[in-house]
Amino acid sequence: MKKIAVFASGSGTNAENIVKYFTDNQNVTVVLALSNNLQAGVHARMNRLNIPSMTFSNPEFAEGTEIVKKLQEFEVDLIVLAGFLKMISEPVRRAYPDRIINIHPALLPKYGGQGMYGMRVHEAVVAAGETESGITIHYINEHYDEGQIIFRARCPVLPDDTAEDVANKVHALEYEHYPKVIEWVITE
C-alpha cells in the first residue's frame, strides 16, 4: 500500500477531493495531512474523513526535521501539496527526492513564483488579457513553481471572464486531474 501525505494551508477542498478519490483504492491511501495554519479548514475536512491532521509552525516547516520524522512515522511514500503556501525545506526535499508534487493554478512558467497563489493568479491572468489558463502539476525543487512539469490541462479565458470565472474553471480542472496524476505518479 502506497501512502500519501497532503500538505495544505487553507480550506482543504483539493485535499478532500484527493482523499475521496483514494477512499476505495486498494493500492494507495492518504494517511496524513499537515498544515502550517492551525485555523486551516483542511483540519475539519480531514477530521470528517478520519484522516489525522496536524499543524506545525512556520519555523518547524522551515527547519524541516520534525516534519521528516512525522512523515517517516506514517511511512509516507509521496507528499502532495494542495494549496500549501510555504517553501518545502531542504531536509524534507532531501528525504523525499522526486516524491513531492504540487499543483499550480496557471500554465507555468507564467504566473508562478513566490506570492502567486489563489485569486492573485487568476486576477493576473485576466489583467494580462490571456486567452487560456489552466493547471500545472509539477515536482517541486528549491524554487517556487520551477520543478519539472508532470502534467498540464488548459481552459479558455473568454473576453468577459472575471477572475472568479477563471478560478471556477481552474478548480474544475484541479478536481478532475490532480488525483489521477497523483495515482499515476505514485504507482509508476
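It should be noted that the structure appears before, not after, this text.
Residues numbered from 1 in each chain as written. Predicted model: local features only at pLDDT ≥ 70, side-chain atom pairs only at ≥ 80, totals over all residues. Heavy atoms only, no water.

**Some thoughts on a negative patch on the surface**
Operational definition: Patch membership requires more than 30% relative accessible area and the absence of a salt bridge. Residues of like charge join within 9 Å; the nonpolar side chains Val, Leu, Ile, Met, Phe, Trp and Tyr join within 5 Å. The method behind every accessible area is Shrake-Rupley, applied with a 1.4 Å probe, and residues are considered shielded solely by the protein chains displayed. A carboxyl oxygen of Asp or Glu within 4 Å of a side-chain nitrogen of Lys or Arg is what we treat as a salt bridge. Counted charges follow a simple rule, with Lys and Arg positive, Asp and Glu negative, and His plus the chain ends left uncounted. We put the charge of a Lys on NZ, of an Arg on CZ, of an Asp on CG and of a Glu on CD. Each helix is a run of DSSP H or I of at least 4 residues and each strand a run of E of at least 2, with the numbering of both proceeding from the N terminus. A 1.4 Å probe rolled over the protein chains alone gives each residue an accessible area, and that area as a share of the maximum for its type sets the label: buried under 20%, exposed over 50%, partly exposed in between.
Among the surface-exposed residues, E123, D160, E164 and D165 lie close enough to one another that they form a single negatively charged patch. Following the sequence through the fold, E123 ends up in helix α6 (residues 119-127). Since its relative accessible area comes to 45%, E123 is described here as partly exposed.

**What about the sheet that holds strand β4 (residues 78-81)?**
Convention followed: A pair of strands is considered paired only if DSSP assigns at least 2 bridges between the two. Only the stretch in contact is used when a helix axis is fitted, and all axes are lines through C-alpha atoms; the angle between N-to-C directions ranges over 0 to 180 degrees. Whether two residues are in contact is decided by their heavy atoms: any pair within 4.5 Å suffices.
On the basis of which strands lie adjacent, the open sheet formed by seven strands has the order β3-β2-β1-β4-β5-β6-β7 and mixed pairing. Of all strands in the sheet, those with a lone pairing partner are β3 (53-55) and β7 (149-156), marking the two edges. Between one strand axis and the next, the sheet turns through 20° on average, direction left out of account. Judged from the three bridges that link them, β4 and strand β5 (residues 100-104) form a sheet pairing that is parallel. When the bridges of β5 are listed, V80 appears paired with I101. Along the sheet face, helix α1 (residues 13-22) touches β1 (2-7), β2 (28-35) and β4 and points at about 160° away from the line of β2.

**Comments concerning the side chain of S9**
In this fold, S9 is placed in the loop between β1 and α1. Other than its neighbours up to four places away in sequence, S9 contacts S35, N36, N37, A40, G83, F84 and L85.

**Brief notes about the environment of M116**
As for its placement among the helices and strands, M116 is situated in the loop between β5 and α6. A C-alpha to C-alpha distance of 9.2 Å links M116 and P105, two positions eleven residues apart in sequence. Not counting chain neighbours up to four residues away, the residues in contact with M116 comprise H104, Y111, V121, A124 and D145.

**Comments concerning α6**
Definition in use: Throughout, the arc means the angular range of directions from the helix axis out to the C-beta atoms.
Every buried residue belonging to α6 is among V121, H122 and V125, and all of these are buried. Buried residues in α6, looked at end-on, bunch into an arc of 95°, giving them a common side. Summarising the contacts, the buried residues of α6 are in contact with β5, β6 (132-139) and α7 (163-187). Following α6 by one or two positions, G129 has its phi on the positive side, about 75°.

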